[in-house]
Amino acid sequence: MTQPSFQTVVLAQGKHRCAEHGACVVELASMLAGEPFTDRPQSVCRVIAAFLRPYNDGAGDRRQDLYRCAADIVGTRGTDAVERRRIACCDAVFDEFAAAGRNGVWRRLLHYPLSSGRLRRLVAVEPLREFYLDQYGFGLALLLQRNGDVGHERALALVEELVAIGSEDHPDRVMRLAADGRSMAGSPILAREPKEQP
C-alpha cells in the first residue's frame, strides 16, 4: 500500500492516527511543515487551528475547499500579541453576523455555553488556555457552518485574514513558502483559482 502524501491525502472529518485514515486540514498542515502527524502542529497559530479543526469537521461537502488553506497556515505561529490580534479579527466576525441578522438561528439552536459573549470572555483571560480557545473556535465554526454558502465563503476569507495578521513579524515566511512551493510543484494544495477582477 502506497504511503499517502500531501498530494494524495483526502480531507476527512475528525482526528486521525495517521494519514492512511485521512487528515483534517490542520493535520495536512503538519505534513507540509514536516512535523509529526498531528492536529496541533507547532508551526500553526493556535487561534487558526482552533477554528479550522471544528470547521473542517462540520464542513461536509465543502470540506475539500479547505485543502488550499493547509499550505497557507504553515508558519503562522506567532507571539501572544499576534494571537490577540487574530482573536479580535474573529470577534469582528461574530459582530458582522449579528449586524447582518444572520445569527438568529444560531442563537436559538445553542445554549448559553456557546453564546458569543461567553466565548469572548473565555479567551479574554490571561494566559490564553488551549481548552477555552478550542471552545471559542468551535463556536465560531458552528456560526459560519449554520450560514451555508455565505458562512463558508466567510470562513475561507477569515483564514486569509488571520494568516495576513502577523505576517510582518515573520519576514522570512514568504521566502520560505516560495521555496516550499518550488519543491512541491504540481501540488493541488498550492493551486489557486485566479481571483475575479471587480
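Residues numbered from 1 in each chain as written. Predicted model: local features only at pLDDT ≥ 70, side-chain atom pairs only at ≥ 80, totals over all residues. Heavy atoms only, no water.

Caption draft 1: Examining the packing of aromatic side chains more closely. Using the criterion set out here, one finds three aromatic pairs in the structure. For the cation-ring pair, Arg129 lies above Tyr132, with the distance from its terminal atom to the ring centre recorded as 4.7 Å. (Phe/Tyr/Trp six-rings, centres within 6.5 Å; stacked < 30°, edge-to-face > 60°. Lys NZ or Arg CZ within 6 Å of the ring centre and 35° of its normal.)

Caption draft 2: Representation of the side chain of Arg63 within the structure. Turning to its location among the elements, Arg63 is positioned in the loop between α2 (46-58) and α3 (69-73). Despite being buried, Arg63 has no salt bridge partner; Asp57 is the closest side chain of opposite charge, sitting 5.7 Å away. Reaching out from Arg63, the side chain makes a polar contact with the backbone oxygen of Asp57 at a distance of 3.1 Å. (Helix = DSSP H or I, 4+ residues; strand = E, 2+ residues; numbered from the N terminus. Buried < 20%, exposed > 50% of the residue type's maximum accessible area, 1.4 Å probe, protein only. Lys, Arg positive; Asp, Glu negative; His and termini not counted. Salt bridge = Lys/Arg side-chain N within 4 Å of Asp/Glu carboxyl O. Polar contact = N/O pair within 3.5 Å; in protein donor to acceptor, adjacent residues only side chain to side chain.)

Caption draft 3: Summary view of helix α7 (residues 130-145). End to end, α7 covers 22 Å across 16 residues, agreeing with the expected 22 Å (1.5 Å per residue, within 8%). Looking at α7, one finds that the buried residues are Leu133, Gln135, Tyr136, Gly137, Gly139, Leu140, Ala141, Leu142, Leu143 and Leu144. (Expected span 1.5 Å × (residues − 1).)

Caption draft 4: The arrangement of the packing of α2 against helix α8 (residues 148-164) in detail. Packing of α2 against α8 leaves a shortest axis separation of 11 Å and a crossing angle of 155°. What the angle tells us is that α2 and α8 run roughly antiparallel. Viewed along their axes, α2 and α8 form a crossing whose handedness is left-handed. Along its contact with α2, which presents Ile48, Phe51, Leu52 and Tyr55, the element α8 presents Gly151, His152, Ala155, Leu158, Val159, Leu162 and Val163. Class assignment of the residues belonging to the contact of α2 with α8 gives a composition of nine nonpolar, two polar and no charged. (Axes fitted to C-alpha atoms, helices over the stretch in contact; angles between N-to-C directions. Parallel < 35°, antiparallel > 145°, perpendicular 65-115°, else oblique. Left-handed = near helix turned anticlockwise from the far one by under 90°. Contact = heavy atoms within 4.5 Å. Nonpolar A, V, L, I, M, F, W, Y, C, P; charged D, E, K, R; others polar.)

Caption draft 5: Examining empty space enclosed by the protein more closely. Applying the stated criterion across every chain, the model contains two cavities of 30 Å³ or more. Taken as a whole, the second largest cavity encloses approximately 30 Å³ of empty space. Around the second largest cavity, the lining residues are Arg68, Cys69, Asp72, Leu156 and Glu160. Mapped onto the lining of the second largest cavity, the elements with two or more residues apiece are α3 and α8. Here the residues of the lining of the second largest cavity are counted per class, giving two nonpolar, no polar and three charged. (1 Å grid on protein atoms, 1.4 Å probe; cavity = no way out; pocket = protein on both sides within 12 Å on 5 of 7 lines; lining within 4 Å. Points joined across faces, edges and corners; volume = space filled by probe spheres on them.)

Caption draft 6: Structural view of the confidence of the model for the chain. Taken as a whole, the chain shows an average pLDDT of 80; of its residues, 71% reach a score of 70 or greater. Ranking the elements of the chain by mean pLDDT puts helix α9 (residues 173-183) last with 45 and α2 first with 97. Within the model, the stretch residues 171-198 combines pLDDT values under 50 with 30 contacts to residues more than four positions away or in other chains. (pLDDT = per-residue confidence, 0-100.)

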